[in-house]
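Listed below are the residues making up each chain.
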Amino acid sequence: MSVKGARRQEFADTFMHLVTETPCNHRVSVVDITNAIGCERKTFYYYFENVDNLVIWIFRSAFKKIIETQFAEYPQVKPHPELQDPYDDWPFYVRIETEDRFLAQGPYFKAITYHWVDNRVYYANMFRTDANSYNNLFEYLVNLYVPTIKDDILFMLGNRPTPPPDVLNFLAEYHVMGIFGRLQWHFGHTRKDIMQEALNPYWNYAHTCIKHTIDGLGSERDAL
């Protein structure tokens, strides 16, 4: 890790610790972070624009590490250019291609979920929606993943006709909301264990549903 990367990680580790130790009615500030580290505020702003940018860096850097260590052999996906993502050169997703243009994304979704589980108290705070909440992480996730899931749908369609844009947008938004809405609910509202062995067959549920939808669209066209 570079010196700059190590310094950013120090800010990240300090922030995450403060979030888990601070009452929910207090939003951890830049001053809180710099006081805990023992540096000036300008040092923080050299590495991050604000606390919300730090929140994004924390989970994007974690996903980058997971992808580069556990999924290095698969095609890596970076944010779509139109998003103007602050970390647009970092991969956050992979495509695990199988036969018949299917995507077996279960191992990816399970692996990244362990990051949320291992930092459950921290992410419970990140998914809060009260006046003292942080960056709207859920909104960021939806915006980040919708274009990518659209590309997944187009890949799985292959040479078959592309649905109208409104249908394509709906399918992508619906499944992204399903994937991350479940995480938001469990980490923000419940204490349920979502890593049960009984759930192992369902980590690719969204893409399995997408395939059924695509196949169904083809059947409807054939019947006309």
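Heads up: the structure comes first, above all this text.
Remember, predicted model here, so these are calculated numbers, not experimental data. (Residues numbered from 1 in each chain as written. Predicted model: local features only at pLDDT ≥ 70, side-chain atom pairs only at ≥ 80, totals over all residues. Heavy atoms only, no water.)

1. Considerations on the overall build of the protein
- Within the protein, the regular secondary structure consists of nine helices and two strands.
- Out of the 224 residues belonging to the protein, those deemed buried represent 46%.
- As displayed, the protein offers around 12,100 Å² of accessible surface, 51% of which is attributable to carbon and sulfur atoms.
- Charge-centre separation for the protein: the mean point of 22 positive side chains lies 3 Å from the mean point of 28 negative side chains. (Helix = DSSP H or I, 4+ residues; strand = E, 2+ residues; numbered from the N terminus. Buried < 20%, exposed > 50% of the residue type's maximum accessible area, 1.4 Å probe, protein only. Areas by Shrake-Rupley, 256 points an atom, 1.4 Å probe, with all protein chains shown as cover. Lys, Arg positive; Asp, Glu negative; His and termini not counted. Charge placed at Lys NZ, Arg CZ, Asp CG, Glu CD.)

2. With respect to the packing of aromatic side chains
- Applying the stated criterion across every chain yields a total of 27 aromatic pairs.
- An angle of 55° between the planes, with centres 6.4 Å apart, marks the rings of Tyr93 and Phe109 as tilted. Taken as a pair, Tyr93 in strand S2 (residues 93–94) and Phe109 in helix H5 (residues 106–118) lie far apart in primary sequence, 16 residues in all.
- Among the residues examined, Tyr93 registers a relative accessible area of 0% and is labelled buried.
- Consider the rings of Tyr108 and Phe109, whose centres lie 5.1 Å apart with planes at 70°: the pair is edge-to-face.
- Residue classification places Tyr108 among the buried residues on the basis of a relative accessible area of 0%. (Phe/Tyr/Trp six-rings, centres within 6.5 Å; stacked < 30°, edge-to-face > 60°.)

3. Details of the nonpolar core
- Ranked by size, the top nonpolar core spans 72 residues in total, and within it Phe15, Ile33, Tyr108 and Tyr145 carry the most contacts.
- Element by element, the count of residues in this core is highest for helix H7 (residues 137–157), at 13 residues.
- Apart from the residues lying within four places of it in its own chain, the contact partners of Phe15 are Val28, Ile33, Val51, Leu54, Val55, Ile58, Tyr122, Met126 and Tyr134. (Core = buried A, V, L, I, M, F, W, Y, C linked by side-chain atoms within 4.5 Å. Contact = heavy atoms within 4.5 Å.)

4. Some remarks on the packing of H5 against helix H8 (residues 165–189)
- Relative to each other, H5 and H8 sit at 25°, their axes nearing to 12 Å. One element, H5, and the other, H8, form an angle in the roughly parallel class. Considering how the two elements wind past one another, H5 and H8 form a crossing that is right-handed. Residues Phe109, Thr113, Trp116 and Val117 of H5 form the contact with H8, whose own contacting residues are Ile179, Leu183 and Phe187.
- Residues of the contact of H5 with H8, tallied by class, amount to six nonpolar, one polar and no charged. (Axes fitted to C-alpha atoms, helices over the stretch in contact; angles between N-to-C directions. Parallel < 35°, antiparallel > 145°, perpendicular 65-115°, else oblique. Left-handed = near helix turned anticlockwise from the far one by under 90°. Nonpolar A, V, L, I, M, F, W, Y, C, P; charged D, E, K, R; others polar.)

5. Focus on unusual backbone geometry
- A positive phi is found at Asp100, a non-glycine position, where the angle reads about 60°.
- Among the structural elements, Asp100 can be located in the loop between S2 and H5.
- Even without being a glycine, Arg101 presents a positive backbone phi close to 55°.
- Residue position: Arg101 is located in the loop between S2 and H5.
- We classify Arg101 as partly exposed; its relative accessible area is 39%.

6. Observations regarding the environment of Arg27
- Tracing the chain through its elements places Arg27 in the loop between helix H1 (3–21) and helix H2 (30–37).
- For Arg27, a relative accessible area of 29% translates into the label partly exposed.
- Distance from Arg27 to Met1, taken between C-alpha atoms, is 29 Å for residues 26 residues apart in sequence.
- Discounting chain neighbours no more than four positions away, the residues touching Arg27 are Asp32, Val51, Asp52, Asn132, Ser133, Tyr134 and Asn135.
- A polar side-chain atom of Arg27 sits 2.8 Å from a polar atom in the side chain of Asp52. (Polar contact = N/O pair within 3.5 Å; in protein donor to acceptor, adjacent residues only side chain to side chain.)

7. Looking at the packing of H1 against H2
- Between H1 and H2, the shortest axis-to-axis distance is 10 Å and the interhelical angle comes to 110°. Considered as vectors, H1 and H2 are oriented roughly perpendicular to each other. The interaxial crossing formed by H1 with H2 has right-handed handedness. Of the residues in H2, those in contact with Arg7, Glu10, Phe11, Thr14, Phe15 and Leu18 of H1 are Asp32, Ile33, Thr34, Ala36 and Ile37.
- Per-class residue counts for the contact of H1 with H2 are six nonpolar, two polar and three charged.

8. A closer look at the environment of Asn135
- Checked against the element boundaries, Asn135 lands in the loop between helix H6 (120–126) and H7.
- Other than its neighbours up to four places away in sequence, Asn135 contacts Arg27, Asp52, Val55, Ile56, Met126 and Tyr140.

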